[in-house]
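Close look at the chain arrangement
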Amino acid sequence: MARRTSRSGGGSKRIHVISRSSGWAIKREGASKAAKVYTKKDSAIKGAKRSASKGQNIVVHKKDGSIQKWEEK
Amino acid sequence: MSNIPKSFHNNVFINCPFDKKYMSLLNPLLFTILYLGFKPRIASESFDSGEARINKILKLISSSKYSIHDLSRIKSLKKNEIYRLNMPFELGVDIGCRLFKKGAHKKKKCLILEAKQYRYQKALSDMSNSDIKKHDNAAEKVVRQVRNWFVEIGLRRVENPTKIWERYNEFTADFYEKRKAEGYRKRDLQTMPTPELVNFMREWVKKNK
């Protein structure tokens, strides 16, 4: 089944795990700023999973912004 | 009356390596330029085996007010690897264009990027007193440095670098999702021609900015 994006309408907003110079940020689409910044990527992924609601997509990015992993909670 | 086309003031010539590793920096670079409202101009935007490459480069340089030169491949990384001279050469042509042409070309602006801060001074000592920006081969820093440079040369009302970097990450997610749904495979995405990728970026920015 095709995933729905927040911008195409219908689906819940995705949560991104994004590289920052200071670590790894959890950023919900549409939010004005990152929810939290972690030093370690693993911790950021765990944090994203905890804050995601059921059915929400978590997009884990590589350091260059490309996609490493995409999962649905 | 000037015969400079209107597009000159919006064009940004990109002089960079085209190796696979550099794509992780080139893509955010292209995105940032589009996000800021400019048009990236790059040798890989068109392909005509009948056209001499230098002629294409000269046209791109002459038709762009702005240029970004990445010299991060001035040093070979392994034994017997030949370092690239194209980037310093094209930087020289661009500076020559500004110095020797008249009119709008005198107002050309350029940004020199490097992975490290002082290495270029040894390789290109004629430019040793020029300001450059370093990106440490990090995509997020490319976005930050390019955005900040445009502000430094006069662009106003620009979103902050972190925001643009986050928007680039959102773009990659949308891009991946939509192309997969359209039947693109991993290799199709990795080998996508520059004009096709730029077109997707332009559409995304138009719709989402």
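Residues numbered from 1 in each chain as written. Chains lettered and ligands numbered in written order. Predicted model: local features only at pLDDT ≥ 70, side-chain atom pairs only at ≥ 80, totals over all residues.

1. Description of the packing of helix α1 (residues 23–35) of chain B against helix α6 (residues 161–181) of chain B
Residues and elements named next belong to chain B. This is how it is decided: Axis definition: a line fitted to C-alpha atoms, limited for helices to the stretch in contact. Angles are taken between N-to-C directions and run from 0 to 180 degrees. In this text, helices come from DSSP runs of H or I with a minimum length of four residues, and strands from runs of E with a minimum of two, each type numbered from the N-terminal end. Throughout, the term roughly parallel applies to angles under 35 degrees, roughly antiparallel to angles over 145, roughly perpendicular to angles from 65 to 115, and oblique to all others. Take the far helix as the reference: if the near one is turned anticlockwise from it by less than a right angle, the crossing is left-handed, and if turned clockwise, right-handed. Contact between residues is assigned whenever the C-beta positions, reconstructed from backbone atoms, fall within 7 Å. Three classes are used: nonpolar for Ala, Val, Leu, Ile, Met, Phe, Trp, Tyr, Cys and Pro, charged for Asp, Glu, Lys and Arg, and polar for all others, with Gly counted as polar.
Between α1 and α6, whose axes approach to 10 Å, the crossing angle comes to 115 degrees. Classed by the angle they form, the pair α1 and α6 counts as roughly perpendicular. Every pair of crossing elements has a handedness; the one defined by α1 and α6 is right-handed. Packed against α1, whose contacting residues are P28, F31, T32 and Y35, the element α6 presents I164, R167, Y168 and F171 at the interface. A per-class count over the contact of α1 with α6 returns 6 nonpolar, 1 polar and 1 charged.

2. Some remarks on the sheet that holds strand β3 (residues 36–38) of chain A
To keep things clear, this is the line we draw: By this definition, two strands are paired if DSSP reports at least two bridges between them.
Spatially, the 5 strands line up as an open sheet ordered β3-β2-β1-β4-β5 (chain A), and their pairing is mixed. Two strands close off the open sheet at either side, each with one partner strand: β3 and β5 (67–72) of chain A. The mean inter-strand angle of the sheet, taken between neighbouring strand axes irrespective of direction, is 20 degrees. Direction of pairing for strand β1 (residues 15–20) of chain A relative to strand β2 (residues 23–28) of chain A: antiparallel, over a ladder of 6 bridges. Bridge pairing links H16 of chain A to K27 of chain A in β2 of chain A. Running at roughly 130 degrees to β1 of chain A, α6 of chain B makes contact with β1, β2, β4 (57–61) and β5 of chain A of the sheet.

3. Concerning the sheet that holds strand β4 (residues 109–114) of chain B
Two pairing modes exist for strands in a sheet, parallel and antiparallel, and in both the strands are linked by backbone hydrogen bonds. Residue and element names in this part refer to chain B. With parallel pairing, 5 strands are arranged side by side in an open sheet as β2-β1-β3-β4-β5. Each edge of the open sheet carries a strand with a single partner, namely β2 (39–42) and β5 (133–134). Bridging between strand β1 (residues 11–15) and strand β3 (residues 66–70) involves 4 bridges; their strand directions are parallel. Counterpart to F13 in the pairing with β3 is S67.

4. Describing α1 of chain B
Residue and element names in this part refer to chain B. How we decide: Here, expected helix span is obtained from the residue count minus one, scaled by 1.5 Å. Our exposure labels follow a C-beta count within 10 Å of each residue's own C-beta, placed from the backbone: buried means 20 or more other C-beta atoms, exposed means 12 or fewer, and partly exposed covers the counts in between.
If you check α1, its first and last C-alpha atoms are 18 Å apart, about what 13 residues at 1.5 Å a residue would give, namely 18 Å. For α1, a buried count of 11 out of 13 residues is recorded, marking the element as mostly surrounded by other parts of the structure. Looking at α1, one finds that the buried residues are L25, L26, N27, P28, L29, L30, F31, T32, I33, L34 and Y35. Buried residues belonging to α1 abut β1, β2, α5 (139–152), α6 and α8 (194–208). G37 sits one or two residues past α1 and shows a positive phi near 95 degrees.

5. Describing the interface of chain A and chain B
Between chain A and chain B, the contact holds 19 residues from the first and 16 residues from the second. At the level of secondary structure, the elements contributing two or more residues to the side of chain A that touches chain B comprise β1 and β4 of chain A. If you tally residues by element for the side of chain A that touches chain B, the top one is β1 of chain A, at 4 residues. A breakdown of the residues in the side of chain A that touches chain B according to their chemical character gives 4 nonpolar, 7 polar and 8 charged.

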